[in-house]
Amino acid sequence: MNMTREGQQTSSVKVARLLHPYSLALQAVFVAHDGYASSQTFVAAAVDGNEYLLVAIDDVLPKRANARYLVVSEDAALAVDLNDGSGSAAGSPATVGALVRLDGLPAVREVVAVERQADGQWRIAGSASLDEGTLELSVSGGAVYALAIDDYGTLYQPNLAVAVDDMIRPTLFKGWLYRITQAGTLPASEPDWWDGNLTGPQDLGSARAEVVRYHRPLAHGPVSVEMT
């Protein structure tokens, strides 16, 4: 169990109680100093698939509390953030390395990390636009999956002003996008779009564009993260 306050580890003593969700019978107590608590061990037959209510409290003024339901079915590292509900990010800081390649070459794309928490809920753990580097995360001990998302482009609009490197998507999408190579405006009527058999820049209204393949999102995981 890792307990933080407003997203930060603090020296106050924090207590979390694991309760039966209906009878509220006490199942376990976690006491955290400086953000950490010792683990609790249960007989597998007693916990497997059972739902519990976890209630965490920090009595330092102004007092903070957090409660959530979770299902315990395997070893899990839990993270709880005690905050005032105004949007402080729960979880512990972590990083994961990211490397994005498009047709074998470096390409800046949106990388999103999602986490499946111990209670089965999904949350966004972090995101960034990069081709190679480190993705900053906030995790709660669940399984983390990384997704690389290609540029889906801007839907065609009549007479739209476009700049170099803008991506245009036809109304009837067939897997091809059109990268602007010469600035201008799109035609007043949607053109007859071409595919990969016609290479090189082509006229597109007063602009010019080349066809590129749209790549579906690619997912990896669970991935190993490094706690910071």
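In case you missed it, the structure is sitting above this.
Residues numbered from 1 in each chain as written. Predicted model: local features only at pLDDT ≥ 70, side-chain atom pairs only at ≥ 80, totals over all residues. Heavy atoms only, no water.

## Some remarks on the pairing of strand β3 (residues 26–32)
Pairing analysis gives six bridges linking strand β2 (residues 14–19) to β3, with the strands arranged antiparallel. Note on β3: the bridge partner recorded for Val 15 is Val 31. Joining the antiparallel neighbours β2 and β3 is a turn of six residues, in which Leu 24 adopts a positive phi near 60°. (Pairing = 2+ DSSP bridges. Helix = DSSP H or I, 4+ residues; strand = E, 2+ residues; numbered from the N terminus.)

## Regarding the nonpolar core
Of all hydrophobic cores here, the largest spans 16 residues; its most connected members are Met 1, Met 3, Ala 16, Phe 30 and Leu 54. In terms of nonpolar packing, the next biggest core, distinct from the first, is built from twelve residues, Ala 94, Ala 98, Leu 137 and Val 144 among them. (Core = buried A, V, L, I, M, F, W, Y, C linked by side-chain atoms within 4.5 Å. Buried < 20%, exposed > 50% of the residue type's maximum accessible area, 1.4 Å probe, protein only.)

## A closer look at the layout of surface pockets
Estimates place the volume of the second largest pocket at around 400 Å³. In terms of lining residues, the second largest pocket is bounded by 22 residues, among which Leu 99, Val 100, Ala 148, Leu 218 and His 220 are the most central. If you list the elements that add at least two residues to the lining of the second largest pocket, you get β7 (92–99), β8 (101–102), β10 (109–116), β13 (143–149) and β21 (218–223). Here the lining of the second largest pocket is composed, by residue class, of 15 nonpolar, three polar and four charged. (1 Å grid on protein atoms, 1.4 Å probe; cavity = no way out; pocket = protein on both sides within 12 Å on 5 of 7 lines; lining within 4 Å. Points joined across faces, edges and corners; volume = space filled by probe spheres on them. Nonpolar A, V, L, I, M, F, W, Y, C, P; charged D, E, K, R; others polar.)

## Focus: the side chain of Lys 14
Structurally, Lys 14 can be placed in strand β2. Of the side chains with opposite charge, Asp 58 comes closest to the buried, unpaired Lys 14, at an N-O distance of 4.5 Å. At 2.9 Å, the side chain of Lys 14 and the side chain of Thr 10 are in polar contact. When neighbours within four sequence positions are excluded, Lys 14 is seen to be in contact with Met 3, Thr 4, Arg 5, Phe 30, Val 31, Ala 32, Gly 35, Ile 57, Asp 58 and Leu 82. (Lys, Arg positive; Asp, Glu negative; His and termini not counted. Salt bridge = Lys/Arg side-chain N within 4 Å of Asp/Glu carboxyl O. Polar contact = N/O pair within 3.5 Å; in protein donor to acceptor, adjacent residues only side chain to side chain. Contact = heavy atoms within 4.5 Å.)

## Side note on unusual backbone geometry
Cis geometry is adopted by the peptide bond preceding Pro 62, which originates at Leu 61 and carries an omega value of -10°. For Pro 62, the location among the structural elements is in the loop between β4 (50–58) and β5 (64–72). Pro 222 follows Gly 221 through a cis peptide bond whose omega is 0°. Considering the arrangement of structural elements, one finds Pro 222 in strand β21. Not every positive phi belongs to a glycine, and Asp 103 is a case in point at roughly 55°. Residue placement: Asp 103 occurs in the loop between β8 and β9 (105–106). Owing to a relative accessible area of 68%, Asp 103 belongs among the exposed residues under this scheme. A positive phi angle, near 80°, is found at Asp 165, a position not held by glycine. A residue is classified by how much of its surface remains accessible, and Asp 165, at 54% relative accessible area, is exposed.

## So, the sheet that holds strand β17 (residues 176–182)
If you walk across this open sheet you meet the five strands as β14-β16-β17-β20-β19, and the pairing is mixed. Each of the sheet's edge strands pairs with one partner strand only, and the pair in question is β14 (154–155) and β19 (202–204).

## Things to note about a nonpolar patch on the surface
Nonpolar side chains collect at one region of the surface, where Val 13, Leu 26, Val 29 and Val 31 lie side by side and expose about 300 Å² of accessible area between them. Considering the arrangement of structural elements, one finds Val 13 in the loop between β1 (2–5) and β2. Taking the relative accessible area as the measure of exposure, Val 13 reaches 41% and is therefore partly exposed. (Patch = residues over 30% accessible without salt bridge, like charges linked within 9 Å, V, L, I, M, F, W, Y side chains within 5 Å. Areas by Shrake-Rupley, 256 points an atom, 1.4 Å probe, with all protein chains shown as cover.)

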